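Coordinate analysis (summary)
Residues per chain are reported as follows:
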Amino acid sequence: MTAPLSEELIARFSAIVGETHAFQAEADIARYLVEGRGLYHGKTPLVLKPGSTQEVSDILKLASETKTPIVPVSGGTGLVGGQVPRDTGTDIVVSLERMNRVRDIDPVANVIAVDGGCILQDVQAAAEKIDRLFPLSLGSEGSCRVAGNLATNAGGTAVLAYGNMRHLCLGLEVVLPTGEVWDGMRRLKKDNTGYDLRDLFIGAEGTLGIITGAVLRLFPRPLGHQVGLAGLASSEDALKLFELASRLCGTALTGFELMARVGMEFTVKHTPGARDPLEGTHNWYVLVDISSSDSAETAERMMQAVLEKAFEDGLIEDATIAASEAQAKAIWHMRESMSDAQKPEGGSIKHDVSVPVSSIPAFMKEADAAVLDMVPGARICAFGHMGDGNIHYNISQPVGADKQAFLDLWHEMNHRVHAIVMSYGGSISAEHGIGQLKRDELAAIRSDIEMDLMRRVKRSFDPANIMNPGKVVIP
Ligand SMILES: Cc1cc2nc3c(=O)[nH]c(=O)nc-3n(C[C@H](O)[C@H](O)[C@H](O)COP(=O)(O)OP(=O)(O)OC[C@H]3O[C@@H](n4cnc5c(N)ncnc54)[C@H](O)[C@@H]3O)c2cc1C
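Here the structure is a predicted model, which is why all the values come from computation and not from measurement.

A few points about the overall build of the protein
Looking only at helices and strands, one finds 18 helices and 19 strands in the protein. For 475 residues, the compact-globule estimate of 2.2 N^0.38 gives 23 Å, and the protein sits close to it at 23 Å. A buried classification covers 55% of the 475 residues belonging to the protein. By element, 52% of the accessible surface of the protein is carried by carbon and sulfur atoms, the whole surface being about 20100 Å².

Here we look at the state of the cysteines
One pass over the structure, following the stated rule, counts zero disulfides. The structure places no disulfide on Cys169, whose sulfur is separated from the nearest cysteine sulfur, that of Cys118, by 13 Å. Cys169 sits in the buried class, given a relative accessible area of 2%.

Thoughts on the sheet that holds strand β4 (residues 92-95)
As summarised here, the arrangement of the four strands in space is β1-β2-β4-β3, forming an open sheet in which the pairing is mixed. Looking along the sheet, the strands with just one partner apiece sit at the ends: β1 (22-23) and β3 (70-73). For β3 and β4, the ladder comprises four bridges, and the chain directions are parallel. Each residue of the ladder has a partner; that of Ile70, found in β4, is Ile92.

Some points on the site of the ligand
Neighbouring the ligand are 33 residues, the closest being Pro72, Ser74, Thr77, Gly78 and Ser140. In the environment of the ligand, an oxygen atom lies 3.2 Å from a nitrogen or oxygen atom belonging to the backbone of Glu205. Note that a nitrogen atom of the ligand is positioned 3.0 Å from one of the side-chain N or O atoms of Glu431. The dominant element in the shell around the ligand, judged by the number of residues it contributes, is helix α5 (residues 146-151), at four residues. A class-by-class count of the residues in the shell around the ligand yields 11 nonpolar, 19 polar and three charged.

Details of the environment of Ala405
Looking at where Ala405 falls in the secondary structure, it is placed in helix α15 (residues 403-407). We classify Ala405 as partly exposed; its relative accessible area is 43%. It is 9.2 Å that separates the C-alpha atoms of Ala405 and Gly347, two residues lying 58 residues apart in sequence.

Quick look at the packing of helix α9 (residues 235-249) against helix α14 (residues 360-374)
Close contact between α9 and α14 brings their axes to 8 Å; oriented N to C, the two are set at 160°. Considered as vectors, α9 and α14 are oriented roughly antiparallel to each other. Read as a crossing pair, α9 and α14 show a hand that is right-handed. Residue-level contacts link Ser235, Glu236 and Leu239 of α9 to Pro361, Met364 and Lys365 of α14. When the residues that make up the contact of α9 with α14 are grouped by side-chain class, the tally is three nonpolar, one polar and two charged.

Observations regarding the domain arrangement of the protein
As far as domains go, the protein holds domain 1 (7-95), domain 2 (102-220), domain 3 (224-334) and domain 4 (346-433). Taking the mean C-alpha position of each, domain 1 and domain 4 sit 33 Å from one another. Domain 1 puts four residues into the contact, and the matching count from domain 4 is four residues. Buried area between domain 1 and domain 4, summed over both chains or domains, comes out near 360 Å², and the portion from carbon and sulfur atoms is 74%.

Quick notes on the environment of Gln327
When you line up the elements, Gln327 lands in helix α12 (residues 325-336). Residue Gln327 is classed as partly exposed on the basis of its relative accessible area, which comes to 40%. Sequence-wise, Gln327 and Gly228 are 99 residues apart; in three dimensions their C-alpha atoms are separated by 9.8 Å. Excluding residues that lie within four positions of it along the chain, Gln327 makes contacts with Ile321 and Ala322.

What to know about empty space enclosed by the protein
Under the criterion given, the structure shown has one cavity of 30 Å³ or more. Thr157, Ala158, Val159, Leu160, Thr254, Gly255, Phe256, Glu257, His385, Gly387 and Asp388 are the residues that line the largest cavity. For the lining of the largest cavity, the element with the highest residue contribution is strand β13 (residues 253-260), accounting for four residues. Tallied by class, residues from the lining of the largest cavity come to four nonpolar, five polar and two charged.

Conventions used here
Residues numbered from 1 in each chain as written. Predicted model: local features only at pLDDT ≥ 70, side-chain atom pairs only at ≥ 80, totals over all residues. Heavy atoms only, no water. Helix = DSSP H or I, 4+ residues; strand = E, 2+ residues; numbered from the N terminus. Rg over C-alpha atoms; globule rule 2.2 N^0.38 Å. Buried < 20%, exposed > 50% of the residue type's maximum accessible area, 1.4 Å probe, protein only. Areas by Shrake-Rupley, 256 points an atom, 1.4 Å probe, with all protein chains shown as cover. Disulfide = S-S within 2.5 Å. Pairing = 2+ DSSP bridges. Near = heavy atom within 4 Å. Polar contact = N/O pair within 3.5 Å; in protein donor to acceptor, adjacent residues only side chain to side chain. Nonpolar A, V, L, I, M, F, W, Y, C, P; charged D, E, K, R; others polar. Axes fitted to C-alpha atoms, helices over the stretch in contact; angles between N-to-C directions. Parallel < 35°, antiparallel > 145°, perpendicular 65-115°, else oblique. Left-handed = near helix turned anticlockwise from the far one by under 90°. Contact = heavy atoms within 4.5 Å. Domains from an automatic or database assignment. Buried area = accessible area lost by both parts, 1.4 Å probe. 1 Å grid on protein atoms, 1.4 Å probe; cavity = no way out; pocket = protein on both sides within 12 Å on 5 of 7 lines; lining within 4 Å. Points joined across faces, edges and corners; volume = space filled by probe spheres on them.

The structure is reproduced here in structure tokens:
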């Protein structure tokens with residue numbers, strides 16, 4: 001449907017949630033029309049905030065009957081434009097922010113059942129209250145919501161030990177484009193009963209249905225936690241350090257984050273209270289995070305063993321170990337500030353990519369050469385979840401360059417870097433998804449059979465193409 005919504009249809013949709021939860025005024029809807037990086041600006045005639053699964057179902061029934069496009073939004077922190085309506089002005093935004101209840105929590109089965117609109121931080125806090133851990137942790141955890149985390153299959157800082165959102169989810173409740181409700185709120189670790197519907201909705205970015213509830217896995221809270229930061233000469237040494245830390249710590253290695261010097265410089269310069277964490281400067285930094293289910297002493301012993309052996313083998317130039325949880329948080333804060341710290345340095349072209357871990361140094365060498373050939377003086381601010389093979393390979397403009405002229409190179413640079421990623425058997429979206437940003441590129445790099453299967457899935461769930469149209473895949 002491309003015609004604007006009639007007043008009569010707007011009134012019918014609004015009546016489902018009640019006038020007080022239906023919004024049309026510019027001041028009320030403005031924040032749903034943009035995304036954090038300012039890459040996308042959309043339009044909508046109406047933002048609806050349903051309060052129950054039944055209301056979501058009624059909205060989708062009417063949408064299906066009238067072929068009205070629907071864009072689901074949770075926390076609005078997505079980085080690929082998936083939650084932003086198109087600029088056609090025809091898409092209704094459905095926000096889950098009122099559906100934010102913890103439904104129940106079971107410390108024996110180690111599960112929590114929540115509404116899709118629960119804020120991630122609230123899920124973490126509910127788990128902590130009963131001495132359990134919900135391990136998904138992202139820089140946006142104070143605003144992003146469970147359904148958005150599921151729809152993007154979010155990763156974050158502890159994937160190495162606990163997996164991404166797909167691994168943390170046991171069951172789902174989803175409203176289909178027809179308005180039918182699929183109750184898949186199962187609590188089973190073992191369930192081999194045919195096609196896994198849950199896995200289809202996870203990572204679908206709202207193109208197959210609206211996630212309204214989820215059953216998530218909890219874990220015992222670790223008894224010991226240690227964070228160390230090492231300075232290194234090369235990314236090859238970082239890879240050797242990863243091999244060493246994995247061998248000595250096994251599943252206790254919870255995080256292994258790589259940061260280039262230039263990112264550390266930006267962070268120290270632009271983050272209030274930040275200072276260089278080590279004496280002298282180093283080409284690379286690695287944050288090592290170790291959690292022990294046994295004791296604080298075990299975590300401490302493991303960290304010391306890793307760093308001592310790494311010094312002995314000449315892998316690291318300097319290192320520090322956080323002496324308290326506050327210091328550990330401060331080290332993590334530096335890592336998490338790395339994205340924001342690029343903003344004052346002008347334009348930044350992003351790549352959220354993954355390659356097999358052992359290929360990271362070779363991938364970066366090749367990509368660095370391609371980027372510098374294209375833009376001499378570009379500042380390569382690579383950082384990320386090295387232990388998961390995931391690098392945020394971000395390129396800041398040369399000092400003094402024209403910001404817009406640099407940003408105009410976004411697609412060409414993505415194209416060159418992604419070609420290198422693919423030559424290493426990697427992925428052009430490790431954790432942020434496809435949305436609008438990478439939709440056309442996905443179609444260009446995936447095989448015909450893969451794209452055809454994805455289109456067939458989309459068409460069979462959503463034949464009228466009303467669920468988040470224009471995102472991920474064009475049916
Ligand atoms: C500072 C910062 C740090 C970040 N760090 C990370 C990180 O480390 N790892 C990572 O993976 N991501 C990260 N992100 C990206 C983002 O936070 C995640 O993608 C997050 O999972 C999105 O959740 P959200 O609730 O904000 O979703 P939204 O932005 O609201 O939506 C994201 C997508 O999900 C769809 N969607 C929303 N709600 C529903 C629903 N109920 N049913 C079906 N589909 C729905 C939307 O249509 C959209 O396509 C970061 C973002 C920021 C701003």
